[in-house]
Amino acid sequence: MTRPSRLRTLVLHADYTTRLSYYDDWLDALSRAPQFDARSLNICQRGVAPRLRAELADAELVVLLHSTNGDTTVYLEPFAGLLADRRGLLLSFVGNEVNLPGSPIAAKRAVLGRIAPDYIATQLPLEAGQYLWGDLVRRRVLALPHALNPQAFRPELPAQARPIHIGVRAARYLPHLGDCDRNTLHDLFERHAFEPALVVDIGSERLDRPGWAAFLNRCLGTVSTEAGSWWIERDDATINAIRAWTAARTKGKAMVIANDSPLRRLGHKLPWWLRAALRRILSRGVLRHESTITESLPFDEVYDRFFRNRPRPPVYGKCLSSRHLDAIGTGTCQILMTGRYNDILRAGDHYIPLAPDFSDVDEAMRRFRDAGERQRIARTAHEHVLDGHTYDHRIAQLAQAVTSG
């Protein structure tokens, strides 16, 4: 029997950080996928245009990974014309499908509009992805949410060897999102005096993939919410209004380096420890970085001024995060605020549910402290995800979509 030919595939990525493990997970999955003859190219390299032009001439499929547009589109924009003139199909993932200062949806729409992808892969529920990107695709929007890399995230330590009851490593949400659920949840577990006492370790430090997997393996449990925001806009109107209001508040008090300053490229080239040190320096004094100002804005004031009287968009803008899948992979039990989670995770089976007002926190903690129940939740989630939600499963879905038209 003749083996079907593998699709000649060019995978483009922007290699500027080691602290977002899912960037590596998607790249690794595509590189080993039997459906694709995949070659990867880092568009952050100097002088990459000639090689890109040559690779495009041979590629039957081009894949733009999340890193090409997630935090910034500056690495992708110079190649939009080349990509628009491709001979093969093009599928683009989109990173950070939420309105953020310095990573606007409008900029992503602009560059994708020039490229005209055949497919856009959204990590949001399909209706939200269609709302944001549906008018930009030649064929269709695909729902390809995050998945598990079982090679990187697997149970290494048994429960009795894990010293942390509740562990979290996550960036705090900006008030610009109009949503502080995750911040409030983390604050509750960090400050609450649970009886009997819990060992709680909550921080915002960014870890690389091995470090993140090792941290999760030291935790019996973790707490979180869905990723994203209730408020998503194609034109970033609200974010732009908040940025203008913030600039007016800061005028005359500090010189501000904008989130989308050209200096961002220079920052990406610095070692992580130096970036962190510069961030601390630019969080006070006369010279400030915009991100350090926005993080300190009072949520209630921003919400009252820009969100309280606005109707929510007609689509569900929250989603499953790679971090949820990573925790499942390491056998770490999750206490999660109830939500859809891309209709993949079920409350009570795959996580211990927590109401948005925390009214059932005592019941959630009773279930968590029950070792048998905690292990049942973690085991059921792990089996469920291994059965249908690994990166290999997602790549098979991608291959089916692009080969069936």
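It should be emphasised that the depicted structure is a prediction, and the values quoted were computed from it without experimental measurement.

### Considerations on the sheet that holds strand S7 (residues 164–169)
One open sheet holds the 5 strands; their spatial order is S8-S7-S9-S14-S15, and the pairing between them is parallel. Strands with a single pairing partner mark the edges of an open sheet, and in this sheet they are strand S8 (200–203) and strand S15 (352–354). Strand-to-strand, the axes of this sheet are offset by a mean angle of 20°, without reference to chain direction. As paired strands, strand S9 (residues 219–224) and strand S14 (residues 333–337) are joined by 4 bridges and run parallel to one another.

### Side note on the packing of aromatic side chains
On inspection of all chains with the given rule, the structure shows 10 aromatic pairs. Ring centres 5.2 Å apart and planes at 35° place the aromatic pair Phe-189 and Phe-194 in the tilted group. Take Phe-189 and Phe-194: they sit in the same class, and that class is buried. Following the ring pairs from residue to residue traces out a cluster consisting of Trp-231, Phe-299, Tyr-303 and Phe-307. Seen from the ring of Tyr-316, Arg-340 lies directly overhead, with NZ or CZ sitting 5.0 Å from the centre. Here the basic side chain of Arg-374 rests over the ring of Phe-368, its NZ or CZ set 5.3 Å away from the ring centre.

### Describing the packing of helix H14 (residues 361–369) against helix H15 (residues 371–388)
Relative to each other, H14 and H15 sit at 90°, their axes nearing to 5 Å. Relative to H15, H14 is oriented roughly perpendicular. Along the contact surface, H14 presents Arg-367, Phe-368 and Arg-369, while H15 presents Ala-371, Glu-373, Arg-374, Arg-376 and Ile-377. Of the residues contributing to the contact of H14 with H15, the split by class is 3 nonpolar, no polar and 5 charged.

Thresholds, definitions, all that
Residues numbered from 1 in each chain as written. Predicted model: local features only at pLDDT ≥ 70, side-chain atom pairs only at ≥ 80, totals over all residues. Heavy atoms only, no water. Pairing = 2+ DSSP bridges. Helix = DSSP H or I, 4+ residues; strand = E, 2+ residues; numbered from the N terminus. Axes fitted to C-alpha atoms, helices over the stretch in contact; angles between N-to-C directions. Phe/Tyr/Trp six-rings, centres within 6.5 Å; stacked < 30°, edge-to-face > 60°. Buried < 20%, exposed > 50% of the residue type's maximum accessible area, 1.4 Å probe, protein only. Lys NZ or Arg CZ within 6 Å of the ring centre and 35° of its normal. Parallel < 35°, antiparallel > 145°, perpendicular 65-115°, else oblique. Contact = heavy atoms within 4.5 Å. Nonpolar A, V, L, I, M, F, W, Y, C, P; charged D, E, K, R; others polar.

Read these as spatial facts, not as claims about activity.
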